[in-house]
Amino acid sequence: ARLQAIARGQGALPTFLRQIEDYVSSVVGRVPPVLAPSSSPSSPTPRMPGSGANTDQPTAQRAPGPPLPLESLLRERFGFPAFRAHQQAVCEAATAGDDVLLVMPTGAGKSLCYQLPGLARGGTTLVISPLIALMEDQVARLQSLGLRAERIHSGRPRLESRQVCVDYVAGALDFLFVAPERLGVSGFPELLARRPLGLIAIDEAHCISQWGHDFRPDYRLLGQRLPLLRPAPVVALTATATPLVQRDIVAQLGLGGKARLFIHGFRRHNLALETLELPPKERPGRALAWLSSAERLPAIVYAPTRKTAEGVAQLLAKKHRAEAYHAGLSPELRDRVQTDFLAGRLDVVVATVAFGMGVDKADIRTVLHLALPSSVESYYQEIGRAGRDGKPSRAVLMHHAADRKTHDFFLERDYPDVAVLEKLFAALAAKPISPDTLRKKTRVAKADFAKALEKLWIHGGVQGVIEGELTRGQGAWREPYAAQRALRLEQLALMAKFASGARTCRMLSLVEHFGDSEDSGAVCGQCDVCVPGSSLKTQAAPPGGFATFSAPTKRRAKRARKSGSSSKSGGRRKSRTPAVALPVAGPSAALVATLRAWRLLESKKKRVPAFRVLTNRALVAIADARPATPSALREVKGVGPKLLKSYGAQLVALCTRGRS
């Protein structure tokens, strides 16, 4: 019947075939594993050829029970003489069975904070990870330590994944890595629940939050599936989460008020930060000049588009071993480029943001951005790949007002107009329909349909997306969607403010952005704000090679503090600009920047001057009042019925986010 419907154009054959595969996989997962005749712990579990596991590893697994001593496991199984900063307290909490949220920068040793407690507690540790390259790297490392680690993801043959399931049910794995979408496969969570887990680790946990910079809908499945896998403790890990995102992670995972939060180490003492305002056409040549010194290599150069990545890679290849990396290349070519870079056969990778997660290369000396990143969080994650060996490194950010056009394009692509979502919602009913039927019924373009349906599902406006049978959800999806869209504008505004601002130490700005309350609060003494004379602005390719960025001297720190204090005092002077000018400082400045960015986008969309959307006077009044409800917005001077009707929900969402 389904095939006949597909023949009539009511459905897609690839979707139907994937559903058959998922069904067969779920049935196979329910079949008891075939064990060797002997059930003793020393008897090996039969293994299919090509499963990729270390067949020399013992199969005996210690069941969950009283934890083993952490210090001895740290030395004997992982080969570390002592804990690094902040690791011990996290490991002790997780080993004791507490739920943990760990926010710690890339390269600070987050992985050990679930691997060691997982081994100490016994049983299998389930690791949920969003990227295949990250899984492969972690599994290979654990296997090299003699631990039984395996993975299930879309890049592996089904036969091998089936054997991994058999090994898991047999208790033959210390660590099992899976992608978050696997939890949406019928029967797979039930298979995991057949054995008590020792610990559950959720890597890149910011992906579960709609307020995070890299939100992924598949992570929303975690909150629904975790109760089935309890009572194992949960360790959620991320390198980039603001206080708002931290609270949302805890809420979405259902960790409650008992979760232990560890927010540490955002200051990078060996990383010098710099921004440079430069038109796009001048950036490739400046990048080539900056990377002319061998001491600034290896390097990652982040490009805003695939086309830019290809062109800049060709330019840099004239003097360096450089290649491009982006999602448009074949998987084989991407793997080869990453492998060559890690092995030292490439000096530079020019990449889109598709490159970086899971790249464990300690000696990267430079991370160079050829355009403004979409958020401070993504920027921090990307520059965190430099200097993981502790040696002096530099992050250079080239930016210009023209970068906003690229981000406006991506925003329009990824966050369709609310009218598109309204059209889908209105066409849904209690009776299930397929996505193809919904698209044809609404006549929404293919390019917009997938994104609009995804966003509608995220905010509860549609049910059954995972199963492919769509029904209408709850109607309160509009304001959350408007708030999420507004946040993307705010994130970009904050990133632009960081890039153009020259009053505050850049490293200190990042530390404060992520809410690291244990930081000293001192200026770094090595960014382009603290030490302007050493920057790329004044010397594109300084003679003598790479400038040394050691710990700040007393004279340097004193000069930086003096510069910072004078800038602050200057900011307190009375402005001579008219009252309707947009403030760049003060308590409302951040929200003004957000509203201004939103206004610009709306004016471009409607092809009208910005003041026709919202006047400066009304914009400033709204920013000062920060209305949290439509009725409060109505009371703001300059807000009329037309503005309230057209933009009320969006403005309230923007102001609510600003208050957070």
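The structure displayed is predicted, hence computed values, not measured ones.

Any two side chains of opposite charge can pair if their charged atoms end up close together. All told, the structure shown has 22 salt bridges when counted by the stated rule. Two residues, Arg158 and Glu21, come together in a salt bridge whose shortest N-O distance is 3.6 Å. You can see Arg158 sitting in helix α7 (residues 158-169) and its partner Glu21 sitting in helix α2 (residues 13-30), a full 137 residues away along the chain. Judged by its relative accessible area of 56%, Arg158 falls in the exposed class.

With that out of the way, let us pick up the sheet that holds strand β3 (residues 149-152). Strand order in the open sheet formed by seven strands is β3-β4-β2-β5-β6-β1-β7, and the pairing between neighbours is parallel. Strands at the two margins of the open sheet, each flanked by one partner only, are β3 and β7 (260-263). Strand-to-strand, the axes of this sheet are offset by a mean angle of 15°, without reference to chain direction. Judged from the four bridges that link them, strand β1 (residues 100-103) and strand β6 (residues 234-238) form a sheet pairing that is parallel. Bridge pairing links Leu101 to Ala236 in β6. Sheet strands touched by helix α5 (residues 112-121): β1, β2 (124-128), β4 (175-178), β5 (197-202) and β6. Its angle to β5, the strand with the most contacts, is close to 170°. Taken strand by strand, helix α9 (residues 221-229) contacts β2, β5 and β6, and its axis lies near 165° from that of β5.

Taking 1.5 Å of rise per residue, twelve residues should cover 16 Å, and α7 covers 17 Å from first to last C-alpha, within 8% of that figure. Among all positions of α7, only Glu160, Ser161, Gln163, Val164, Cys165, Asp167, Tyr168 and Val169 are buried. Next to the buried residues of α7 lie β2, β3, β4, α8 (188-192) and β5. Directly beyond the C-terminal end of α7, a positive phi value near 80° is found at Gly171.

All right, on to the sheet that holds strand β11 (residues 348-351) then. Taken together, six strands build an open sheet; the order of strands is β8-β13-β12-β9-β11-β10 and the sheet is parallel. The open sheet has two edge strands, β8 (271-277) and β10 (322-325), and neither has a second partner. Strand after strand, the sheet turns through a mean of 15° between neighbouring axes, direction not considered. Strands β9 (299-302), β10 and β11 of the sheet are contacted by helix α13 (residues 331-343), whose axis makes an angle of about 135° with β10.

One recurring pattern in soluble globular proteins is that nonpolar side chains are buried together. In terms of nonpolar packing, the biggest core is built from 75 residues, with Ile202 and Leu273 touching the most fellow members. Once residues within four sequence positions are removed from consideration, Ile202 is found in contact with Ile128, Tyr219, Leu222, Leu226, Val234, Val235, Ala236, Leu237 and Leu253. One finds Trp457, Val462, Val592 and Tyr647 within the second-largest nonpolar core, a separate group that totals 44 residues.

You can see Arg195 is positioned in the loop between α8 and β5. Of the buried charged residues, Arg195 lacks a salt bridge, with Asp174 as the closest side chain of opposite charge at 9.0 Å. A polar atom in the side chain of Arg195 sits 3.5 Å from the side chain of Thr124.

Packed helices, taken two at a time, are described by the angle between their axes plus the distance between the axes. It is the contact of helix α17 (residues 435-442) with helix α18 (residues 446-458), at a shortest axis distance of 11 Å, that shows an interaxial angle of 120°. Between α17 and α18, the angle falls in the class oblique. α17 and α18 meet at a crossing whose hand is right-handed. Across the interface between the two elements, Pro435, Leu438 and Arg439 of α17 pack against Lys446, Phe449 and Leu453 of α18.

Turning our attention to the pairing of β6. With five of its five residues buried, β6 lies for the most part within the structure. What you see with β6 is no split at all: Val234, Ala236 and Thr238 on one side and Val235 and Leu237 on the other are buried throughout. When β5 meets β6, the two strands line up parallel, connected through three bridges. Pairing of Ala201 across the sheet is with Val235, part of β6.

What follows deals with the packing of aromatic side chains. According to the stated counting rule, one finds six aromatic pairs in the structure shown. The interplanar angle of 50° and the centroid separation of 5.4 Å between the aromatic rings of Tyr379 and Phe498 together place this pair among those described as tilted. Taken as a pair, Tyr379 in helix α14 (residues 376-383) and Phe498 in helix α19 (residues 478-500) lie far apart in primary sequence, 119 residues in all. Judged on exposure class, the residue Tyr379 and its partner Phe498 are both buried. A centroid spacing of 5.1 Å and a plane angle of 85° characterise the contact between Trp598 and Tyr647, whose relative ring orientation is edge-to-face. Of this pair, Trp598 sits in helix α22 (residues 589-606) while Tyr647 sits in helix α26 (residues 641-659), and the two are 49 residues apart along the sequence.

Further remarks concern the environment of Ala205. Here Ala205 is to be found in the loop between β5 and α9. Ala205 has contacts with Tyr219, Ala236, Leu237, Thr238 and Ile249, leaving out every residue within four places of it along the chain.

For the rest of this paragraph, the subject is empty space enclosed by the protein. Taken as a whole and assessed by the stated rule, the structure comprises one cavity of 30 Å³ or more. In this structure, the largest cavity encloses a volume near 30 Å³. Lining the largest cavity, in full, are Ala493, Leu494, Lys497, Ala590, Ala593 and Thr594. Those elements that provide at least two residues to the lining of the largest cavity are α19 and α22.

Our next topic: the side chain of Thr352. Mapped onto the elements, Thr352 comes out in the loop between β11 and β12 (366-369). Apart from residues no more than four positions distant in its own chain, Thr352 is found in contact with Tyr302, Ala303, Thr305, Arg306, Tyr325, His326 and Ala327.

Let's shift gears to the environment of Ala12. Checked against the element boundaries, Ala12 lands in the loop between α1 (2-7) and α2. Taking relative accessible area as the criterion, Ala12 reaches 28% and is therefore assigned partly exposed. The spatial distance from the C-alpha of Ala12 to the C-alpha of Asp436 is 7.5 Å, given a sequence separation of 424 residues. When sequence neighbours within four positions are dropped, the list of residues in contact with Ala12 reads Ile6 and Asp436.

A cis amide bond links Arg230 to the next residue, Pro231, at an omega of 15°. For Pro231, the location among the structural elements is in the loop between α9 and β6. The omega torsion of the bond from Leu297 to Pro298 falls at 0°, within 30 degrees of zero and hence cis. For Pro298, the position within the fold is in the loop between α11 (283-290) and β9. With a phi angle near 60°, Arg443 is a residue other than glycine that sits in the positive phi range. Along the chain, Arg443 falls in the loop between α17 and α18. Look at Arg443 and you get exposed, because its relative accessible area is 77%.

Rules used throughout
- Residues numbered from 1 in each chain as written.
- Predicted model: local features only at pLDDT ≥ 70, side-chain atom pairs only at ≥ 80, totals over all residues.
- Heavy atoms only, no water.
- Salt bridge = Lys/Arg side-chain N within 4 Å of Asp/Glu carboxyl O.
- Helix = DSSP H or I, 4+ residues; strand = E, 2+ residues; numbered from the N terminus.
- Buried < 20%, exposed > 50% of the residue type's maximum accessible area, 1.4 Å probe, protein only.
- Pairing = 2+ DSSP bridges.
- Axes fitted to C-alpha atoms, helices over the stretch in contact; angles between N-to-C directions.
- Contact = heavy atoms within 4.5 Å.
- Expected span 1.5 Å × (residues − 1).
- Core = buried A, V, L, I, M, F, W, Y, C linked by side-chain atoms within 4.5 Å.
- Lys, Arg positive; Asp, Glu negative; His and termini not counted.
- Polar contact = N/O pair within 3.5 Å; in protein donor to acceptor, adjacent residues only side chain to side chain.
- Parallel < 35°, antiparallel > 145°, perpendicular 65-115°, else oblique.
- Left-handed = near helix turned anticlockwise from the far one by under 90°.
- Phe/Tyr/Trp six-rings, centres within 6.5 Å; stacked < 30°, edge-to-face > 60°.
- 1 Å grid on protein atoms, 1.4 Å probe; cavity = no way out; pocket = protein on both sides within 12 Å on 5 of 7 lines; lining within 4 Å.
- Points joined across faces, edges and corners; volume = space filled by probe spheres on them.

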